[in-house]
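Each chain, written out:
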Amino acid sequence: TWANVPQGPPDAILGITEAFKADPNSEKINLGVGAYRDDKGKPYVLPSVLSAEKKIIEAKLNKEYAGITGVPEFTKAAALLAYGPNSAAIKEDRVAITQSISGTGALRIGGAFLERFYPGAKTIYIPNPSWANHSAVFKDSGLKVEQYSYYDEDTIGLDFDGMISDIKGMPEGSIILLHACAHNPTGVDPTQDQWRAISKAVKEGGHYPFFDMAYQGFASGDTDRDAFALRHFIEEGHTPCLAQSFAKNMGLYGERVGAFSLVTSTPEEKKKVDSQIKIIVRPLYSNPPIHGARIASEVLNNPALNKQWLGEVKGMADRIIEMRALLKKNLEDLGSKKQWNHITDQIGMFAYTGLTAEQMEKLAKDTSVYATKDGRISVAGITSGNVKRLAESIYKITG
Ligand code: PLP
Ligand code: TYF
């Protein structure tokens, strides 16, 4: 029956782990998947998350279904984290929100909602490059996917002029996907002034902003600072939608905790949007899992745990920033003639090294350093123990 099913390719990012596992070299380094590691290279369960989980287990709560839109204490706190305690949209009851299967599920609900109800052309513009899954998520939601300029190969930085000019060139009323902070895969974010100009261009084009915020707190270590773009757009009169993930900033990867929200103009609009989100979710998975959302809710709503968590997020962000500096220093100490400023200019989980696909292949074959072939490395996989060997490996290949 299934003889005609074609063999599909492995996921470009998750496939790296397979190659890494198969390598017998005891010094091998995995910089593929974006998942935080501590300085010993081990996965990190946040102490605030462990405490919250302990409380929840001790409370012996029942395992009844959540409502279609999830655990209300969680979504309420998630919206406050993203939009801020002073958000007029929240105070005026204009934000529709639902729990989601992490960030991916939020993007998918958003895609489905826009496909059904967005009044303009159903084309979403994503940055070039973007997270490898964006295009597939939106295509499977029924949207048409196009790209806008984002990355400048020559500067290994932002192609700001290209981005603005592409936004101006989009058909009026296009949907534009924006990485709220810590752009994946490049680690290149607009400055606050550039965000102001982007907001203006999006507004002038009558475009609709869709924010993907998978790394709030992970970029600068400050959850408010990382929400600047989203909050600025709203202050400027945009009514964006938002995909939130708690995979990275709470280390809840496999618990699949996230939220999709949409800012509306009136409480009446919000009610109608809420009703349609439920109609989208119901036949997809009926209602979301409760355990991770209860943990995130406890971490966000318990003042002592919240304070502790913010410190732990900053700790992760700071370790990543430190590893960037160490990698650059090690490369310079080796006598590399190349410029490595971009390693420390970039922010968040990933660095875009500027290495070519051939160089990345050589890096894996010759030195057992594994990362995606676009030259992206997960800085979270660098430790004070492996950074020297990593720098030597990169130096060997790039000079
Ligand atoms: N969006 C971006 C930009 C990402 O990097 C990721 C991956 O972590 C996601 C969304 C969604 O991840 P998850 O579904 O694990 O929350
Ligand atoms: O970009 C990354 O590495 C993370 C993790 O299909 C990830 O966002 C990678 C691939 C994927 C899902 C998550």
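An unreviewed UniProt entry lists the chain under the name Aspartate aminotransferase, with Tothia fuscella as the source organism. You can read under Sequence similarities (unreviewed entry) in the UniProt record for the chain the words "Belongs to the class-I pyridoxal-phosphate-dependent aminotransferase family." We quote the UniProt Subunit (unreviewed entry) comment for the chain here in full: "Homodimer."

A. Just the packing of helix H2 (residues 47-58) against helix H13 (residues 303-333), in detail. Two elements in contact, H2 and H13, have axes separated by 8 Å at closest approach and are oriented at 150°. Considered as vectors, H2 and H13 are oriented roughly antiparallel to each other. Packed against H2, whose contacting residues are Pro-47, Ser-48, Ser-51 and Ala-52, the element H13 presents Leu-305, Gln-308, Trp-309 and Glu-312 at the interface. Of the residues belonging to the contact of H2 with H13, the class tally is 4 nonpolar, 3 polar and 1 charged.

B. The pairing of strand E8 (residues 208-213), seen in detail. The buried fraction of E8 amounts to 5 of the 6 residues, a majority that puts the element mostly inside the structure. Inspection of the sheet shows strand E7 (residues 175-179) paired to E8 by 5 bridges, in the parallel sense. Looking at E8, one finds that Leu-178 is bridged to Phe-211. At this point the chain moves from E7, through helix H8 (residues 192-204), to the parallel E8, and the crossover so formed is right-handed. Strand direction decides the pairing type here: E8 and strand E9 (residues 241-245), joined by 4 bridges, are parallel. Note on E9: the bridge partner recorded for Phe-211 is Leu-242.

C. Main features of the sheet that holds strand E3 (residues 123-128). A sheet is described by the order of its strands in space; here 7 strands give the open sequence E2-E10-E9-E8-E7-E3-E4, paired in mixed fashion. Every other strand in the sheet has two partners, leaving strand E2 (95-101) and strand E4 (144-149) as the edge strands with one partner each. Sheet twist, expressed as the average angle between the axes of neighbouring strands with direction ignored, equals 25°. Strand direction decides the pairing type here: E3 and E7, joined by 2 bridges, are parallel. Looking at E7, one finds that Tyr-125 is bridged to Ile-176.

D. The arrangement of H2 in detail. Along its 12 residues, H2 runs 16 Å from first to last C-alpha, staying within 8% of the 16 Å computed at 1.5 Å per residue. Within H2 the residues assigned to the buried category are Ser-48, Val-49 and Ala-52. One side of H2 holds all its buried residues, which, seen down the axis, span an arc of 100°. Away from its buried face, by an angle of more than 90 degrees, H2 presents the exposed residues Leu-50, Lys-54, Ile-57 and Glu-58. Elements that come into contact with the buried residues of H2 comprise helix H12 (291-301) and H13. Among the residues trailing H2, Lys-60 stands out with phi positive, at a value near 45°.

E. Focus on the domain arrangement of the chain. Under the domain assignment used here, the chain contains domain 1 (14-44 + 317-398) and domain 2 (65-301). Only H13, helix H14 (341-345) and strand E11 (350-352) provide two or more residues apiece to the side of domain 1 that touches domain 2. Per-element accounting of the side of domain 1 that touches domain 2 gives the leading share, 3 residues, to E11. Looking at the side of domain 1 that touches domain 2 residue by residue, the class counts come to 9 nonpolar, 5 polar and 4 charged.

F. Structural detail: the site of ligand 2. All residues adjacent to ligand 2 are Asp-11, Ile-13, Leu-14, Val-33, Gly-34, Trp-131, Asn-133 and Asn-184. Among the residues making up the shell around ligand 2, the classes are represented as 4 nonpolar, 3 polar and 1 charged. Both domain 1 (14-44 + 317-398) and domain 2 (65-301) contribute no fewer than three residues apiece to the shell around ligand 2.

G. Geometry of the UniProt feature "domain: Aminotransferase class I/classII large" (unreviewed entry) in the chain. What UniProt calls "domain: Aminotransferase class I/classII large" (unreviewed entry) maps, in this numbering, to residues 27-394. End-to-end, the C-alpha atoms of residues 27-394 are 15 Å apart, and along that stretch the chain is 46% helix and 15% strand.

H. View of the site of ligand 1. Ligand 1 sits among Gly-34, Ser-102, Gly-103, Thr-104, Trp-131, His-179, Asn-184, Asp-212, Ala-214, Ser-245, Ala-247 and Gly-258. If one sorts the elements of the shell around ligand 1 by residue count, helix H5 (residues 102-117) sits on top with 3 residues.

I. Geometry of the confidence of the model for the chain. Per-residue confidence for the chain averages 97 on the pLDDT scale, and 100% of its residues sit at or above 70. Scoring of the predicted complex yields 0.97 for pTM and 0.96 for ipTM.

Analysis parameters
Along each chain, the written sequence defines residue order, and numbers are assigned to residues from 1. In the order they appear in the text, chains get letters beginning with A and ligands get numbers beginning with 1. Per-residue local features are limited, in this predicted model, to residues with pLDDT of at least 70; the limit for side-chain atom pairs, both in listing and counting, is 80 or more; totals at the level of whole chains, interfaces and linings are taken over all residues. UniProt positions are given in the numbering used here, feature names are shortened, and annotations may be inferred rather than shown by experiment. Under this scheme, a helix contributes an axis fitted over its contacting stretch, all axes are lines through C-alpha atoms, and angles between N-to-C directions fall in the 0 to 180 degree range. Numbering of helices and strands starts at the N terminus; helices are DSSP runs of H or I of at least 4 residues and strands are runs of E of at least 2. Orientation is classified from the angle alone, with under 35 degrees giving roughly parallel, over 145 giving roughly antiparallel, 65 to 115 giving roughly perpendicular, and any other angle giving oblique. Here, residues touch in the contact sense if the C-beta positions derived from the backbone fall within 7 Å of one another. Each residue receives one of three labels: charged for Asp, Glu, Lys and Arg, nonpolar for Ala, Val, Leu, Ile, Met, Phe, Trp, Tyr, Cys and Pro, and polar for the others, Gly being one of them. Exposed residues have 12 or fewer other C-beta atoms within 10 Å of their own C-beta, buried residues have 20 or more, and partly exposed residues fall in between, where C-beta atoms are placed from the backbone. Here a strand pair is declared whenever DSSP counts at least two bridges between the two strands. The crossover handedness rule: strands pointing away from the viewer, path from first strand over the helix to second strand clockwise, crossover right-handed. Here the expected length of a helix is defined as 1.5 Å per residue gap, with one fewer gap than residues. Our arc is simply the arc of the directions from the helix axis toward the C-beta atoms. An automatic or database domain assignment supplies the start and end points of every domain. Contact assignment follows one rule, namely that a residue is near a molecule or strand if its backbone-placed C-beta atom lies within 6 Å of it. As a per-residue measure, pLDDT reflects the predictor's confidence and takes values from 0 up to 100.

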